[in-house]
Amino acid sequence: MPETADDGEGSDGTPSDDLESADNDKGVVKFGWIRGVLVRCMLNIWGVMLFIRLSWVFGQAGWGLGIVVIALSCVVTTITGLSMSAICTNGVVRGGGAYYLISRSLGPEFGGSIGLIFAFANAVAVAMYVVGFAETMVELLQDNSLVMVDEINDLRIIGCITVVLLLAISVAGMEWEAKAQIVLLIILLVAIVNVFVGTFIPATPDKKSKGFFNYDSKIFLENFTPAFRDGESFFSVFAIFFPAATGILAGANISGDLRDPQGAIPKGTLLAILITGITYLAVALCVSATVVRDATGNITDLIAPGTYCNGSTAACELGYDFSSCEVEPCSFGLMNNFQVMTMVSGFGPLIIAGTFSATLSSALASLVSAPKVFQALCKDNIYKALHFFAKGYGKNNEPIRGYVLTFIISVAFILIGNLNTIAPIISNFFLASYALINFSCFHASYAKSPGWRPGYKYYNMWLSLLGALLCCVVMFVINWWAALLTYGIEILLYVYVTVKKPDVNWGSSTQAVTFVSAVSNALSLSAVDDHVKNFRPQILALTGSVRTRPALLDLAHSLSKNFGLCLTCEVLVGPRSEAVQEMNAGMERNQLWLRKTKRKAFYAAVACDSFRDGTESLLQASGLGRMKPNTLMIGFKRNWRTAGSESVQSYVGILHDAFDFEYGTVMLRMSQGLDVSHIVEAEEEMLKAAREQQALENEMIPNGGKARGLFRKSRKSSQQVLTTRVSVCGPPPPQVAKMNERLLEASAHFKKKQPKGTIDVWWLFDDGGLTLLLPYILTTRKKWKDCKLRIFIAGQPERSELDKEEMKSLLQKFRINCSDINVIDDIHVRPSTESLKKLEDMIEPFRLHEGSKDSAQVEAMKREQPWKITDQELNNFEDKTNLQVRLNELLQIHSKSANLIIVSMPIARKESVSDFLYMAWLDTLTMDLPPTLLIRGNHKSVLTFYS
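In this text the structure is predicted, and so the values were computed from the model without any measurement.

### Brief notes about the overall build of the protein
In step 1: A tally of helices and strands in the protein yields 32 helices and 10 strands.
In step 2: Looking at the protein residue by residue over its 947 residues, the buried ones come to 51%.
In step 3: Counting contacts in the protein only where the partners sit at least 6 residues apart, residues at least 24 apart contribute 81% of the total.

Next up, the structure:
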């Protein structure tokens, strides 16, 4: 069973559209490894180089370095072939060739960038090969005094006619294209045999004057050493030859039309490299052993008896004096005549036919490859603007639109006429593809993913890496500016795809390496002790489902982004079977929502019998090694007065648990509230109703036709579904709608850029510095950059200035910029009677009022309602209660217009302060204020003076 799914999975984990059913294959033309891969690769590799430039390469480099040129080319292509074999035997290979292999190995970023330039390279290559054919044709016409218009226009006319004919063959179907390739292969093979036969036919005086003397050891030895001329070097000669070896992807490019691509691509490609490599070597050595480097073509240049010969040693010994070639340019010999193969061959016109065959077969292969690769790229919808070209036609799903586009591109370049400038860029595009295929194999092996199990075992990860580096080096050897241009285009396309983030998951090796790196880094981090300088706010935010408290999530995200870690958590309370089912269903959906809304946070959920138990589990077990949350963020419980004693005890208990587990604690209060779950549920209900209605309509009206007769009548049921749902979650009353509107606006408060204003920090207790660090982090964010930091501290009336200077000095040591420091010297003044009355009214329902009752009755009341506030407790904590009331008064005076208020959170000692009194403190302190954060560190230092 295949282990990965590209576009979707069935219930058993099998890729739902990777494998086509047998019914779909009926009538579809599929090729074996010989016709589908071997023949195509050989035809593409055997290009015009074989008949026109190979002799010149060996004339310049000598057959000693010439062998190195061919061997080095074969090394690069063989390593690439081995890497490609490993990748394509690691699972089902679909259409798309090189693009498919790279994208499924390295991901859409690499695949999308190389796929586009590879398809374009093939389209322009069609023009290059056709122009090569047209040039030969125009020369023949000129030799026979047949000119249509002029040389350049004749080339354009012949080129355009040729492309139209090739397009007709391609559009007719792969079967016709394959037949055409077989015919061209036969012509090419006959031409190659003709060269070998010609070397054994005794040379005529005319051929001898042109430098051909049959096999001779003297010629062979003389041609061994290099004789670079006209500024040529080994690398320049290699750069001219190497493009001849770049046809190894011709078979892989039609992977979707192969019967067994996993078996066909490795076998056909590697055998094609072997056969063509031997052929190039054999033809080159035969010519090197029979033809001298320079010849005049003058049959009278014979050595007269007794005269001294100053030319080629081998030619002199064979009776010919070509010494004049050292003084003035000659037209014949390996170095001068590009038609050496025609001269050497047994029958010259066969070589011209071979040249035609080589150019046309390569053009036909490229004309088929470009649309196939482009169609696969467009189907994946990486570039949404190109999806138009994804459509296929006929039983073979032929990319007709892609053929037309390729035709237009190739005709455009043919009309340009001169392709010398574009040639090195195209070669570099192909080499970039080879480099990434090699790197894909290395990367997948390096990642050590269990999913990397190629059937082809004859590869090595380090050899693949060497192949990738060789390809990059060869790119610069061929043309340095073309290499830089290729890299530039690829980087731009890579960045574009990365930014667009296509919604695909192909289980790439990039993911695997990311996982390996993350685990490795987490382990290495665990080996290092924490240091105050490296403290980061790693926030565990109790947001419920990620969409129900967006303001809390956005603030947590702002505090942790780039600095630390944000874990948004949900506790699902209820029967285990239901809670676990809901948790599993929402896990992926919530994480996906976080990613789509660009909130860099992780989602975690637990299923528990109680909210406090679930939170306790999260506090203890969340995180990995050093990447463990150290700060709890929670929303203020607005409904504490009506929620019931158990709910309040659970909420306050969570705060106690956080302190017990040495968490810093952050509580957010907003006047409109934080919970938008009822709005989210209503939206989901409406969307669900709309989907159900659409599904019913689709069932009743097949193929999108209009409802007629019975179907029109049945439409009522779908309307009933929508009406029923809308009645449940229908439009709320105007007053409720207004509240919901304000709530939604408030929920997006921290997602928007904050207007000019202040962040007011009321630092009342030294908690280790968390109350100072978090607001400083906020000021580093773009959304908060227009907000200035103001610090408020408690002080004595007689030493306000001294307290201010001390605080200023402290902040300078902490390197925290602050626009204003305020010393509040009347913080311990008794609050107003009106404010105290509000507090008394708030806690009245939760008081025990035991003062007028006897002790037995009081004890009974305490047993029945242990959560109630006693008179003794109020007396004991009168000062602290008054402080919260007074602080609210001061906040109203000084910070009513602040964008955000940050206050040190009051602490309630466990089992000393009742839960309802503590909630009254928090409520009173934060009442009727702008968004307010209550912060309390765990008294471990998070700020340091030292570097």
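### Considerations on a positive patch on the surface
In step 1: Among the surface-exposed residues, Lys384, Lys500, Lys501, Lys561, Lys598, Lys600, Lys751, Lys782 and Lys785 lie close enough to one another that they form a single positively charged patch.
In step 2: Examined against the element boundaries, lysine 561 turns out to sit in the loop between helix 19 (550–560) and strand 2 (565–573).
In step 3: On the basis of relative accessibility, which here comes to 31%, the residue lysine 561 falls in the partly exposed class.

### Digging into the confidence of the model for the protein
In step 1: In this model, the protein carries a mean pLDDT of 81, and residues with pLDDT of at least 70 account for 90%.
In step 2: Within the model, pLDDT remains below 50 along residues 703–729, and this stretch shows 28 contacts once partners closer than five positions in the same chain are excluded.

### Considering the pattern of salt bridges
Pairing between side chains of opposite charge can happen when their charged atoms approach one another.
In step 1: This model, assessed by the stated rule, comprises 20 salt bridges.
In step 2: As a salt-bridge pair, arginine 641 and aspartate 923 come within 3.7 Å of each other at their nearest N and O atoms. Residue arginine 641 is found in the loop between strand 4 (631–635) and helix 22 (645–660), and its partner aspartate 923 is found in helix 32 (residues 915–926); the two are separated by 282 residues along the sequence.
In step 3: The buried category is assigned to aspartate 923, whose relative accessible area is 2%.
In step 4: Among the ionic pairs, arginine 847 bridges to aspartate 871, the shortest N-O distance being 2.9 Å.

### A word on the nonpolar core
In step 1: Core analysis: the biggest nonpolar cluster contains 136 residues, and Leu54, Phe241, Leu249 and Tyr280 have the highest contact counts within it.
In step 2: Take this core: its biggest share by element is 16 residues, from helix 2 (residues 49–88).
In step 3: If you look at the next biggest cluster of nonpolar residues, it comprises 56 residues, including Leu540, Val571, Val648 and Leu874.

### Brief notes about the state of the cysteines
In step 1: In this structure the tally under the stated criterion is 1 disulfide.
In step 2: A sulfur-sulfur distance of 1.8 Å marks the disulfide that ties cysteine 325 to cysteine 330. Disulfide cysteine 325-cysteine 330: torsion about the S-S bond near -105 degrees, hence left-handed. We note that cysteine 325, like cysteine 330, is buried.

### Description of empty space enclosed by the protein
A water-sized probe, rolled over the atoms, reveals where empty space remains.
In step 1: For the structure shown, the criterion picks out 2 cavities of 30 Å³ or more.
In step 2: Here the largest cavity is characterised by a volume of approximately 110 Å³.
In step 3: In terms of lining residues, the largest cavity is bounded by 16 residues, among which Asn44, Asn122, Thr246, Gly247 and Phe430 are the most central.
In step 4: Of all the secondary structure elements, the ones that give two or more residues to the lining of the largest cavity are helix 4 (108–143), helix 13 (348–379) and helix 15 (423–447).
In step 5: Ranked by the residues each element gives to the lining of the largest cavity, the list is headed by helix 13, at 3 residues.
In step 6: Here the lining of the largest cavity is composed, by residue class, of 9 nonpolar, 7 polar and no charged.
In step 7: Forming the boundary of the second largest cavity are Ile45, Ile70, Ser73, Cys74, Thr77, Phe241, Ala245, Ile248, Ile273, Thr276, Gly277 and Tyr280.

### Considerations on helix 17 (residues 480–500)
In step 1: Here helix 17 is 21 residues long and its end C-alpha atoms lie 30 Å apart, about the 30 Å a rise of 1.5 Å per residue gives.
In step 2: Buried residues of helix 17: Ala482, Ala483, Thr486, Glu490, Leu493 and Val497, and no others. Angular distribution of buried residues about the axis of helix 17 spans 100 degrees; they occupy a single face of the element. Away from the buried face of helix 17 by more than 90 degrees, exposed residues Trp480, Ile491, Leu492 and Val499 are located.
In step 3: Residues of helix 17 that are buried sit in contact with helix 4, helix 15 and helix 16 (461–478).

### Notes on the environment of leucine 38
In step 1: Summarising the element assignment, leucine 38 is placed in helix 1 (residues 33–45).
In step 2: In the structure, leucine 38 is positioned 237 residues away from isoleucine 275 in sequence and 9.6 Å away in space, judged by C-alpha atoms.
In step 3: For leucine 38, the contacting residues outside a window of four places in its chain are Trp33, Gly268, Leu271, Ala272 and Ile275.

### Concerning the pairing of strand 9 (residues 900–904)
Side chains on a regular strand alternate between the two faces of the sheet.
In step 1: With 5 of 5 residues buried, strand 9 is to be regarded as a mostly interior element.
In step 2: Alternating positions in strand 9 separate into two faces, Leu900, Ile902 and Ser904 on one and Ile901 and Val903 on the other, with burial throughout.
In step 3: Judged from the 4 bridges that link them, strand 6 (residues 757–763) and strand 9 form a sheet pairing that is parallel. Of the residues in strand 9, the one forming a bridge with valine 761 is isoleucine 902.
In step 4: Of the pairings in the sheet, the one linking strand 9 to strand 10 (residues 932–936) comprises 4 bridges and is parallel in character. Bridge assignment links isoleucine 902 to a residue of strand 10, and that residue is leucine 933.
In step 5: As a crossover connection, the stretch from strand 9 through helix 32 into strand 10 is right-handed.

### Looking at the sheet that holds strand 7 (residues 787–794)
In step 1: Strands sit in the order 3-2-1-4-5-10-9-6-7-8 across an open sheet of 10 strands; the sheet is mixed. Each of the sheet's edge strands pairs with one partner strand only, and the pair in question is strand 3 (602–608) and strand 8 (820–824). Direction aside, the axes of adjacent strands within the sheet are offset by 20 degrees on average.
In step 2: For strand 1 (residues 538–542) and strand 2, the ladder comprises 5 bridges, and the chain directions are parallel.

### Describing the packing of aromatic side chains
In step 1: Counted by the stated rule, this structure contains 30 aromatic pairs.
In step 2: Look at phenylalanine 439 and phenylalanine 442: their rings are 6.0 Å apart centre to centre, the planes differ by 40 degrees, and that puts the pair in the tilted class. Of this pair, phenylalanine 439 and phenylalanine 442 are both found in helix 15, 3 residues apart, which corresponds to roughly one turn of the helix.
In step 3: Residue classification places phenylalanine 442 among the buried residues on the basis of a relative accessible area of 9%.
In step 4: Residues tyrosine 456 and tyrosine 458 carry aromatic rings whose centres are separated by 5.6 Å and whose planes lie at 75 degrees to one another, so their mutual orientation is edge-to-face.

### Observations concerning the packing of helix 5 (residues 151–172) against helix 13
In step 1: Taken N-terminus to C-terminus, the directions of helix 5 and helix 13 make an angle of 55 degrees; their axes are 10 Å apart at the nearest point. The orientation of helix 5 relative to helix 13 falls into the category oblique. In the crossing of helix 5 with helix 13, the sense of the turn from one axis to the other is right-handed. Contacts between helix 5 and helix 13 involve Thr162, Leu166, Leu167, Ile169 and Ser170 from the former and Leu360, Ala363, Leu364, Leu367 and Val368 from the latter.
In step 2: Of the residues that constitute the contact of helix 5 with helix 13, the class distribution is 8 nonpolar, 2 polar and no charged.

Reading guide: rules and limits
- Counting restarts for each chain, with residues numbered from 1 along the sequence as it is written.
- Given that the model is predicted, a residue must reach a pLDDT of at least 70 before its local features are reported, and side-chain atom pairs must reach 80 or more before they are shown or counted; all residues, however, enter totals for whole chains, interfaces and linings.
- Water and hydrogen atoms play no part in the side-chain values, which are based on all heavy atoms of the structure.
- By the criteria applied, helices consist of DSSP H or I runs no shorter than four residues and strands consist of E runs no shorter than two, each listed in order from the N terminus.
- Under the scheme applied here, a residue whose accessible area is under 20% of the maximum for its type counts as buried, over 50% as exposed, and between as partly exposed, the area being computed with a 1.4 Å probe on protein chains only.
- Only heavy atoms enter the contact rule, under which two residues are in contact if any of them lie within 4.5 Å.
- Like-charged residues within 9 Å of one another, or nonpolar side chains (Val, Leu, Ile, Met, Phe, Trp, Tyr) within 5 Å, are grouped into patches, provided each residue has over 30% relative accessible area and no salt bridge.
- The accessible surface values rely on the Shrake-Rupley method and a 1.4 Å probe; as for residues, cover is taken only from the protein chains in view.
- Each reported salt bridge corresponds to a side-chain nitrogen of Lys or Arg within 4 Å of a carboxyl oxygen of Asp or Glu.
- Only four residue types enter the charge count, namely Lys and Arg as positive and Asp and Glu as negative; His and the chain termini do not.
- To locate a charge, take NZ of a lysine, CZ of an arginine, CG of an aspartate or CD of a glutamate.
- Per-residue confidence from the prediction method is given by pLDDT, with values spanning 0 to 100.
- Only buried residues count toward a nonpolar core, which is a set of Ala, Val, Leu, Ile, Met, Phe, Trp, Tyr and Cys residues joined through side-chain atoms within 4.5 Å.
- The term disulfide is used for any two cysteine sulfur atoms that are within 2.5 Å.
- With a 1 Å grid laid over protein atoms only, a set of points is called a cavity when a 1.4 Å probe fits there but cannot get out and a pocket when it is open yet has protein on both sides within 12 Å along at least five of seven lines; lining residues have an atom within 4 Å of a point.
- Grid points are joined across faces, edges and corners, and a volume is the space filled by probe spheres set on the points.
- Here the nonpolar group is Ala, Val, Leu, Ile, Met, Phe, Trp, Tyr, Cys and Pro; Asp, Glu, Lys and Arg are the charged ones; every other residue, Gly included, is treated as polar.
- By this rule the span expected of a helix is its residue count minus one, scaled by 1.5 Å.
- This arc is built from the directions going out from the helix axis to the C-beta atoms.
- In this scheme, strands are said to pair when DSSP sees at least two bridges between them.
- Here a crossover is taken to be right-handed if, once the strands point away from the viewer, the path from the first strand over the helix to the second is traced clockwise.
- Where helices are involved, their axes are fitted lines through C-alpha atoms of the stretch in contact, as for all axes, and angles between N-to-C directions lie from 0 to 180°.
- What counts as a ring pair is set by centres within 6.5 Å for rings of Phe, Tyr and Trp (its six-membered ring), and what kind of pair is set by the plane angle: stacked under 30 degrees, edge-to-face over 60, tilted for all other angles.
- What sets the label is the angle itself: under 35 degrees gives roughly parallel, over 145 gives roughly antiparallel, 65 to 115 gives roughly perpendicular, and the rest give oblique.
- By convention the crossing between two helices is left-handed if the near helix lies anticlockwise of the far one by an angle smaller than a right angle, and right-handed if it lies clockwise.

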